[in-house]
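Letter by letter, the chains look like this.
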Amino acid sequence: MSNKLHIVSLGCTKNLVDTEVMMGKLQNFELTDDNENADVIIVNTCGFIDAAKEESINTVLSLHEARKEDSVLVMAGCLSERYQEELQSQIPEVDIFTGVGDYDKIDELLIEKKSRFSDSVYLIDGAERIVTGSTYHAYIKLSEGCNQTCSFCAIPSFKGKLNSRSLDSIAKEVEGLVKKGYYDFSFVSQDSSSYLRDQNVKDGLSLLIERIELIEGVKSARILYLYPSTTSMALLKNIAKSTVFHNYFDMPIQHINDDMLRMMKRGFGKEKTIELLNFMRNLPNSFVRTSFIVGHPNETEEMFEEMCDFANTFGFDRINVFSYSDEETTAAYDMNGKISDDVKAQRAQTLGDIAAECTLRSLKAEIGKECELVIDRESDEHELLLSAKKLIWAPDIDGEIYVNDQSDDEHALEFGKIYKAKITELIGTILTATVDNAQK
Ligand code: SF4
């Protein structure tokens, strides 16, 4: 088999880590963007909500349309896992189906040319992965699965119960990546604040912080996907004390109305949720990101307005807005009081506008401030405009900063390096900054 591999990773950063594990197993292949001439095409799918499912199926079918005759098309990941029977009968175009249990066996599947769905959910533990998208930043998976029972979410039905990695396994992976030059890490899972609770450890993230801080070469870190009712004040104080972990708080709250939070089975009501958020907000140089769902069954206009008010006034830096997706196997699927698609679309638009406003306010507040940033690459705008991100920001989701590269050869700005900078202005939704070249 000649070996050109075209691989597509859809969905979340957890899925990306699994894609990188597959790439690690297929290092005998040459990676290619040219899907029409690839010998093997792998799509790591997302099966979370309707929009993601549609994107996954369309991606698989369009790659099939364009692929060369004797190539092999693999459908992997959450959508494949969730609908394994239906997809195998309805999409004969796919040669190999696999779910979320065999990422580290992808090489065997290609040799056997047979579909496989293992019972267990794969959790990275020492596998060599090909980190994509950056020379200094890597996502680190904390666990797989989830013990929460949010009314709208099907993830536990195909990712199973919470299964945490050991601290040793995580520390060993980070140490290995530091040796390769990585120094910025985002710790991810479905429910990060429950890390190690499946092993009866209450504040696993605080232990993680202590452990990661011991690793020389880790300069920057953040935790994504905190869950309100498992996020303790002790944890927030440990993050605030940390010299490595930023005051970066990503906590999807999904709603703020008490009755709706109860219907969503979120475990925490309005008051406690706001108490946590206020503590985060009042920490120095803090960055607070959240997500909201509009149109959950029985969401009244009043509940929606309460959420809009809160989103508009709390002072979030970034807000993701999702429309409720009616997912079988979830509690909400069997609820009455479904909201029409039109009303959902209106509410998503209204809250989306508020989210955009919040981002603009947060960006404007940066003007004139000094910060640490990392230069990623040349911008898409102009070769002399470099694309950077604030060191505290997570990659790809929090924004971009343009740096005007006035440097001479002696002081050339380097990609992947941390610089002190001053934010100068906001152009549209992109900040600009000047970097003191002499500081190198
Ligand atoms: S925390 Fe809730 S929304 Fe997130 S994966 Fe678990 S059940 Fe789904």
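Refer to the structure above for everything that follows.
Keep in mind that this is a model prediction, so the values were computed, not measured.

Now for the packing of aromatic side chains. Across all of its chains, the model carries eight aromatic pairs by this definition. With centroids separated by 6.0 Å and ring planes inclined at 85 degrees, the aromatic side chains of Phe292 and Phe316 adopt a geometry described as edge-to-face. Residue Phe292 is located in strand β12 (residues 287-294), and its partner Phe316 is located in the loop between α12 (301-314) and β13 (318-323); the two are separated by 24 residues in the primary sequence. Note on Phe316: relative accessible area 2%, which makes it buried. Members of the aromatic cluster, connected to one another through ring pairs, are Phe292, Phe310, Phe314 and Phe316. Taking NZ or CZ as reference, Lys338 lies 5.5 Å from the ring centre of Tyr333, over its face.

Attention shifts here to the pairing of strand β10 (residues 220-223). Along β10, one buried face is formed by Ser220 and Arg222 and the opposite face, lined by Ala221 and Ile223, is buried too. As paired elements, strand β9 (residues 184-188) and β10 share four bridges and run parallel to each other. Bridging across to β10, Asp184 finds its partner in Ser220. Since β9 and β10 lie parallel, the crossover through helix α8 (residues 204-213) that links them has a hand, and here it is right-handed. Taken together, β10, helix α9 (residues 233-241) and strand β11 (residues 245-250) constitute a β-α-β crossover, and its handedness is right-handed.

This part is about the sheet that holds strand β3 (residues 40-45). Strand order across the open sheet formed by five strands is β2-β1-β3-β4-β5, with parallel pairing between neighbours. Strand pairing shows two members of the sheet lacking a second neighbour, β2 (30-31) and β5 (96-97), which therefore form its edges. Across six bridges, the pairing between β3 and strand β4 (residues 72-77) is parallel. Each bridged residue has a counterpart across the sheet, and for Val43 the counterpart in β4 is Met75. Against the sheet, helix α2 (residues 50-66) makes contact with β1 (4-9), β3 and β4, and its axis sits at roughly 170 degrees relative to β3, the strand it touches most.

What follows is about the layout of surface pockets. Computed from the structure, the largest pocket encloses a volume of approximately 1,100 Å³. Forming the boundary of the largest pocket are 47 residues, of which Cys12, Lys14, Phe48, Tyr225 and Phe322 lie nearest the centre. Taken together, the elements giving at least two residues each to the lining of the largest pocket come down to α1 (13-25), α2, α6 (155-159), β12 and β13. A per-class count over the lining of the largest pocket returns 27 nonpolar, 13 polar and seven charged. Here the second largest pocket defines a volume of roughly 670 Å³.

Next up on the list: helix α7 (residues 167-179). For α7, which comprises 13 residues, the first-to-last C-alpha distance of 18 Å matches the rise-based estimate of 18 Å (1.5 Å per residue) to within 8%. The set of residues buried in α7 consists of Leu167, Ser169, Ile170, Ala171, Glu173, Val174, Leu177 and Val178. Elements that come into contact with the buried residues of α7 comprise β6 (137-141), β9 and α8. Following α7 by one or two positions, Gly181 has its phi on the positive side, about 100 degrees.

Rules used throughout
Residues numbered from 1 in each chain as written. Predicted model: local features only at pLDDT ≥ 70, side-chain atom pairs only at ≥ 80, totals over all residues. Heavy atoms only, no water. Phe/Tyr/Trp six-rings, centres within 6.5 Å; stacked < 30°, edge-to-face > 60°. Helix = DSSP H or I, 4+ residues; strand = E, 2+ residues; numbered from the N terminus. Buried < 20%, exposed > 50% of the residue type's maximum accessible area, 1.4 Å probe, protein only. Lys NZ or Arg CZ within 6 Å of the ring centre and 35° of its normal. Pairing = 2+ DSSP bridges. Right-handed = clockwise from strand over helix to strand, strands pointing away. Contact = heavy atoms within 4.5 Å. Axes fitted to C-alpha atoms, helices over the stretch in contact; angles between N-to-C directions. 1 Å grid on protein atoms, 1.4 Å probe; cavity = no way out; pocket = protein on both sides within 12 Å on 5 of 7 lines; lining within 4 Å. Points joined across faces, edges and corners; volume = space filled by probe spheres on them. Nonpolar A, V, L, I, M, F, W, Y, C, P; charged D, E, K, R; others polar. Expected span 1.5 Å × (residues − 1).

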